[in-house]
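The chain contents come next:
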Amino acid sequence: MMPSCTENLQNWINSKKNIVISDSYHIKEDNWSTDPLVLHSYSQDLWPRKLLELRERGPADPTVDLVIWPETTQEVSGIVIWASKVDAMICPYGAGSGVCGAVIPAANEKRLKVLIDLKKMHEVTKIDPVSMTVSAQTGIIGENLERALNQEGYTLGHFPSSIYCSTLGGYLAARSAGQFSTKYGKIEDMVLSLEVVLPNGKVVETSRAPRSAMGPDWTQLLLGSEGTLGVVTSATMQIHRLPEKKAFLSFSAKEISHAIHFARNLMQSGVRPAVIRIYDSLETSLTVSKDNLTSDHYEGGCVVVVLFEGITDLVNAEEKAAKHIAQNYQLRFMGPKMAEYWYVHRYDVSYKQQLILSHEKIVLDTFEIAATWDRLEQVYHTVKKTQIGFGMILAHLSHFYHTGANIYFTLVGHGQTSQKTIPYYDQVWEKILQSAFDSGATLSHHHGVGTQKMHWLNKEKGDLIEIYKKVKHGFDPENRFNANKMGC
C-alpha cells in the first residue's frame, strides 16, 4: 500500500526544527507550517464561489498540505528541486487576493501539495533613474512598492483596486490592470524582464533590453501563466516621474452610446488620459454619490469620469481637447467634483465584497471582459439583457485602448434559498459568459482564468490550448506547477 500524504509529510520532517531540502540546506522552523489553521487560510483566494461555499457549508478540508515562506530565489530553487524528489506539486502564492480560484489545487490532485508563499521576498532591490526602471522581489505588496517609488519621485502607474492586499507576483501571474491603465498600460506593458525559477530548479532571466528580436518573447509567454510554468521571484519594471499636475473632469451623457463614442474618439485622437470611467445609468443611480451628482448638476443618464496627469502644459492641452470632443458627442461638462470624489474613494469597493456576501442567499461577483470598438456596445447590451432571475447586472467601462475597451460588470443576485445559492451562482455565470462569448468578447481582461473560467478558456482559445499544453510539457514535464490549470 502506498503511504498516505500525511505519512509522506512526516517522513520529510526530520524534527520540529526544520525540513531537510538537501544535506547543506534546511528550511528553518519559522518558514514552514503544517498547522491546520494555516492550511485552511491558504486553501482559497477571494473567489466568490469559495466564499459562498464557506458561508453555506462551513469550512472544508484544507486543499494544501504544506506552506513554505522562502526568503531568497536560491531557497525557491532548492524547494522546487526537493519537491520533485518527494513527488510534490508546487503552487506559487502571492497574497490570495485573486477572484478566480487560481491558487486552489485541483480537486483530483492526489500528490502532496506544497504552497510557496513569496511574501517574505518583498524587497525593492534597485531603482535606476537613467533607464527609469525598478527591480523588486515579487512578494512585495503593490502599495509598498508604490510608496517606495514615490519617496524617490517616481510611480509605477499601476493602481489595481486590490493594491493594499495584492503582490507584484500576482499582477504578473494574472496580467493585472490598474485604474490608470489607459495612460500607463496593463502590467504586461510595464515589464522589462523577469527572474524565474523553472520546474527543474534552474534560475533564468528573460530579457536584458526594452525590445529584442532574439527569438520569442519569453517574458510575455510567462505573464498570465498563473504559476503553471515557473515561480517568478523578481521583476524589472519601467517607472515614470511623478506628475506635475492632475486635472479632474466629470461629464454626464444621456445615453451610454454617447459616452462610448466620446471615449473612442478621445483615444483615437491621440489624447491619453490616465483614467476614463463610464458608469451606466443603473450603476450611476446605485453607487455614485448623490451629493456629488447634485452639486455637479447631473441631469440623468451615465456619468463619465476623466483624469489627466503629467507635465503641466500637456495636461492643459489634453483637458481642453477632452472638453471639445465631449461637446461633439452631447456630453455635458459637470466640473471636477465627481472625478475628485472617485479619486479619493477609488479603493473603497474592494473592501465591501465580503460584507455583502455575508448576507444569507446574496450572490455578488464581478466579471471583466474586453472587446474591440465595433463590438463593444453589442457586448454591453447582450450581457445586460441576460436573464438571471432575481437580481441585476451593473456595468462600467474602465480600461481603454486605441482599438477597444474593457467592460466591468457586477452581478448582484439572490439564491432564493441557502441550498440553491451555489447552483444559482453557477447557472448565472454560465449564462453571462455565454452572452459575452457569443457577442465577441474575450472573457477575461485582467482577473485571469483560475478555476472559474478554465473550461471557457478551451472554448475561447480552441486549438491554441493544445499548443499551450506542449509548451507546458516543455517547461514542466511532470506537471508539478499548479497542475490542472490553464487547460493543462
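Note that the structure is predicted; figures quoted are calculated from it, not measured.

J.: Lay out the pattern of salt bridges in plain terms, naming residues and giving numbers.
T.: If the charged atoms of two oppositely charged side chains come close together, the side chains can form a pair. Inspection of the entire model under this criterion finds 19 salt bridges. Across the pair Asp-426 and Arg-49 runs a salt bridge, and its minimum N-O distance is 2.8 Å. Placement of Asp-426 in helix 16 (residues 421-438) and of Arg-49 in helix 3 (residues 48-57) is noted, with a sequence separation of 377 residues between them. You can call Asp-426 partly exposed: its relative accessible area is 28%. The class for Arg-49 is buried, based on a relative accessible area of 18%. A salt bridge links Lys-246 to Glu-309, with the nearest nitrogen and oxygen atoms 2.3 Å apart. Here Lys-246 is found in strand 14 (residues 245-253), whereas its partner Glu-309 is found in strand 16 (residues 302-310), with 63 residues between them in sequence. Within this structure, Arg-49, Lys-50, Glu-53 and Asp-426 form a network of salt bridges that share partners.

J.: Kindly report on the confidence of the model for the chain, identifying the contributing residues and their values.
T.: The share of residues in the chain with pLDDT of 70 or more is 90%, and the mean pLDDT across the chain is 90. Low pLDDT (under 50) marks residues 1-8, which in the prediction has 4 contacts with non-local residues, meaning those over four places away or in another chain.

J.: How would you sum up the environment of His-414? Please name residues and give values.
T.: Mapped onto the secondary structure, His-414 falls in strand 20 (residues 404-414). Since its relative accessible area comes to 23%, His-414 is described here as partly exposed. Taking the C-alpha atoms as reference, His-414 lies 9.4 Å from Ile-388; in sequence the two are 26 residues apart. Setting aside residues no more than four positions away along its own chain, His-414 makes contact with Lys-361, Ile-362, Phe-390 and Tyr-424.

How each quantity is defined
Residues numbered from 1 in each chain as written. Predicted model: local features only at pLDDT ≥ 70, side-chain atom pairs only at ≥ 80, totals over all residues. Heavy atoms only, no water. Salt bridge = Lys/Arg side-chain N within 4 Å of Asp/Glu carboxyl O. Helix = DSSP H or I, 4+ residues; strand = E, 2+ residues; numbered from the N terminus. Buried < 20%, exposed > 50% of the residue type's maximum accessible area, 1.4 Å probe, protein only. pLDDT = per-residue confidence, 0-100. Contact = heavy atoms within 4.5 Å.

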